[in-house]
Amino acid sequence: MKKLKVGILGATGMVGQNYVRLLENHPWFDVVYVAASANSAGVTYGEAVKGRWQMPTPIPAKVNNIKVENVDDIEKASKKCDFVFSAFEISDKNLVKEIEEKYAALGMPVVSNASANRWTDDVPMLIPEINSDHLNIISTQKMNHGWNKGFIVVKPNCSLQSYITPIYALNKAGFPVKKIMITTLQAVSGAGYPGVPSLDMIDNVVPFIGGEEEKTEEEPLKILGEIKNDKFVKNNDISISATCTRVPVIDGHLATVNILFKDKKPTKEQIISIWREFKSIPQDLKLPFAPINPIIYKEEDNRPQPRKDRDNDKGMAVTIGRLRDCKIFDFKFVALSHNTVRGAAGGGILNAELLVKKGYIK
Ligand code: NAP
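Residues numbered from 1 in each chain as written. Predicted model: local features only at pLDDT ≥ 70, side-chain atom pairs only at ≥ 80, totals over all residues. Heavy atoms only, no water.

### Some thoughts on the overall build of the protein
Looking only at helices and strands, one finds 15 helices and 14 strands in the protein. Its C-alpha radius of gyration of 20 Å places the protein within 12% of the 21 Å reference for a compact globule of 362 residues. Each principal axis of the C-alpha distribution contributes one length, and for the protein these read about 60 × 50 × 35 Å. When the accessible area of the protein is evaluated, it comes to approximately 15,600 Å², of which 49% is carbon and sulfur surface. Across the protein, the centroid of the 48 positively charged side chains sits 4 Å from that of the 42 negatively charged ones. (Helix = DSSP H or I, 4+ residues; strand = E, 2+ residues; numbered from the N terminus. Rg over C-alpha atoms; globule rule 2.2 N^0.38 Å. Areas by Shrake-Rupley, 256 points an atom, 1.4 Å probe, with all protein chains shown as cover. Lys, Arg positive; Asp, Glu negative; His and termini not counted. Charge placed at Lys NZ, Arg CZ, Asp CG, Glu CD.)

Structural data, given as structure tokens:
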């Protein structure tokens, strides 16, 4: 297969750098275009990220010499890219929405990490293991805007990646969950670069991340919802209460999760076997970035741990442990996902692979 030409918007940031790293030897995608703010535009990628390259491997030689463009220069991108990953950050979310729409209007599929379009009525918020059927809304989206080739697909917030797939696996196995109580312990890379000031973070835990609890409580309801009359209808059978904290860990969002089932309550052994056996469309389609087992259950009492488990299966698997009875809910457990891989660039790449395999990106 001839590789598709890919652009990364926000390529100099924390998520953008992960895209550059993870796409280095991708079998289907070739990074030919990188863009960021006006501050970085006009120099090579290597010069733009000098002193702030955060990845554990060197900058891929090919991308190192590509000239960084301004995210605003949409015409230029449209001449070079088959589609773009969007990972740029502007505080005005309406502006992000507007820019992503302009890319789509010029014929480019946009696979986004930004929150700006997550609640747009005709934009799917995709986790390929859970709601690939939500891609059916794309034809409506294109019709609503009069777009021909372009469209927008988003991925959800990084905070919920660790527990939403395990909850979905239980729902799908016939044990719907009704109430979820979560506390997240989120890594500093989730705040981008340079992120949280070191004096706030070292020797400390910050018990507040602006906007994060709302996203953690609301986004799963769209992901687990359905399309009715060309619009998303939230799943109102589930209620979630979240506390989100920032901890001095570089990568890997941990969450403690308490769950109450709607009616039927499985045994502990049943839950573990449902998680271990869970596979879905990305595994069936053998997408290059799909983890072999999307959910890994660890028996050890002291797992999962960010440092030891975040890279499981290329950083794309969710790792769970400590499933036990809860005196208030039915069960409690600890879950972990790599926030900048599964929760950001890796998740975006998996979305794009699904879009290619399903014929949406050509
Ligand atoms: P970041 O490290 O702060 O990077 C921000 C990127 O946006 C940089 O490339 C920056 O370019 C660019 N940018 C800044 N101002 C801009 C402007 N006015 N016009 C165009 N580009 C501009 O942030 P990040 O953590 O990578 O996050 C990027 C996006 O992914 C955000 O929407 C975030 O919410 C989302 N996300 C992040 C994570 C995570 O774990 N970090 C997870 C899920 C989703 P310059 O270098 O030129 O300033």
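### Things to note about unusual backbone geometry
Here the bond from Tyr193 into Pro194 is cis, since omega is 0 degrees, no more than 30 degrees from zero. Along the chain, the position of Pro194 falls in the loop between strand 7 (177–186) and helix 9 (198–201). Note the cis peptide between Arg303 and Pro304, where omega equals 5 degrees. Here Pro304 is to be found in the loop between strand 12 (295–298) and helix 13 (306–309). Despite not being glycine, Asp313 has its phi angle at roughly 45 degrees, a positive value. Here Asp313 shows up in helix 14 (residues 312–315). Using a relative accessible area of 23% as the deciding quantity, one classes Asp313 as partly exposed. Phi is positive for Arg322, which is not a glycine, with a value near 55 degrees. As for its position among the elements, Arg322 is in strand 13 (residues 318–325). (Buried < 20%, exposed > 50% of the residue type's maximum accessible area, 1.4 Å probe, protein only.)

### Comments concerning the sheet that holds strand 10 (residues 239–246)
In any sheet, the strands associate via hydrogen bonds between backbone groups, in a parallel or an antiparallel arrangement. Strand order in this open sheet of six strands is 10-7-11-14-13-12, and the pairing throughout is mixed. Looking along the sheet, the strands with just one partner apiece sit at the ends: strand 10 and strand 12. This sheet shows a mean twist of 25 degrees between the axes of neighbouring strands, independent of strand direction. With eight bridges connecting them, strand 7 and strand 10 associate as parallel partners. Each bridged residue has a counterpart across the sheet, and for Thr184 the counterpart in strand 10 is Cys244. Of the strands in this sheet, strand 7, strand 11 (253–261), strand 12, strand 13 and strand 14 (331–337) touch helix 8 (residues 161–172), which is tilted by about 30 degrees from strand 11. (Pairing = 2+ DSSP bridges. Axes fitted to C-alpha atoms, helices over the stretch in contact; angles between N-to-C directions. Contact = heavy atoms within 4.5 Å.)

### Considerations on the domain arrangement of the protein
Once the domains are mapped, the protein shows domain 1 (4–157 + 344–357) and domain 2 (159–338). Taking only C-alpha atoms into account, the centre of domain 1 sits 24 Å from that of domain 2. Summed over both sides, the interface of domain 1 with domain 2 buries roughly 3,100 Å², with 68% coming from carbon and sulfur. Along the contact surface separating domain 1 from domain 2 lie one salt bridge. Inspection of the domain 1/domain 2 interface yields 13 residue pairs in polar contact (both at pLDDT 80 or more). Elements with a contribution of two residues or more to the side of domain 1 that touches domain 2: helix 1 (14–22), helix 6 (128–131) and helix 15 (341–357). Top element by residues in the side of domain 1 that touches domain 2 is helix 15. It accounts for seven residues. For the side of domain 1 that touches domain 2, the residue count by class is 16 nonpolar, 13 polar and nine charged. (Domains from an automatic or database assignment. Buried area = accessible area lost by both parts, 1.4 Å probe. Salt bridge = Lys/Arg side-chain N within 4 Å of Asp/Glu carboxyl O. Polar contact = N/O pair within 3.5 Å; in protein donor to acceptor, adjacent residues only side chain to side chain. Nonpolar A, V, L, I, M, F, W, Y, C, P; charged D, E, K, R; others polar.)

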